[in-house]
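Residues per chain, in single letters:
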Amino acid sequence: QVQLVESGGGLVQPGGSLRLSCAASGSISSIYAMTWYRQAPGKQRELVAIISSDSGTHYADSVKGRCTISRDNAKNTMYLQMNTLKPEDTAVYLCNAKIATLTSPIPQVYWGQGTQVTVSS
């Protein structure tokens, strides 16, 4: 069984910064692409950033230049450094990852439960 757990969300003033983490645990053999999504109330889930297994990255235009995605493969953890936060960044941030396990070599996509980010003065 694989679990993804996000952390690092909270309330921050406009212009502030947060660092989100997504830690994978379980009987993991390989982690492929890892992705951050966000979902604001009444809006569709939106891709924020994606990082490949060899650390290639892609960002949504809405966060490009303000966010940095990274991963620590030794810790099975992905990060999202968010700077110059805006009220429109307010959302639940969720991570997903494509993971192969010791008992299931065909990679499957797993989701975390999300962490709330609120940007408000």
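Notes on the structure in this doc start here. (Residues numbered from 1 in each chain as written. Predicted model: local features only at pLDDT ≥ 70, side-chain atom pairs only at ≥ 80, totals over all residues. Heavy atoms only, no water.)

### Side note on the packing of aromatic side chains
Tallied over the full model, the rule gives 1 aromatic pair. Between Tyr-37 and Trp-111, the aromatic rings sit 5.1 Å apart at their centres with planes inclined by 45°, giving tilted as the arrangement. Placement of Tyr-37 in strand β4 (residues 28-39) and of Trp-111 in strand β10 (residues 108-111) is noted, with a sequence separation of 74 residues between them. Residue classification places Trp-111 among the partly exposed residues on the basis of a relative accessible area of 35%. Looking at Arg-45, its charged tip hangs above the ring of Trp-111, at a distance of 4.7 Å from the centre. (Phe/Tyr/Trp six-rings, centres within 6.5 Å; stacked < 30°, edge-to-face > 60°. Helix = DSSP H or I, 4+ residues; strand = E, 2+ residues; numbered from the N terminus. Buried < 20%, exposed > 50% of the residue type's maximum accessible area, 1.4 Å probe, protein only. Lys NZ or Arg CZ within 6 Å of the ring centre and 35° of its normal.)

### Let's talk about the sheet that holds strand β1 (residues 2-7)
Here we have 4 strands laid out as an open sheet, ordered β1-β3-β8-β7, and antiparallel in their pairing. Single-partner strands in this sheet number two, and they are β1 and β7 (67-72). This sheet shows a mean twist of 15° between the axes of neighbouring strands, independent of strand direction. Alignment of strand β3 (residues 18-26) against strand β8 (residues 77-82), held across 6 bridges, turns out to be antiparallel. Following the sheet pairing, Ser-21 is matched in β8 by Tyr-79. (Pairing = 2+ DSSP bridges. Axes fitted to C-alpha atoms, helices over the stretch in contact; angles between N-to-C directions.)

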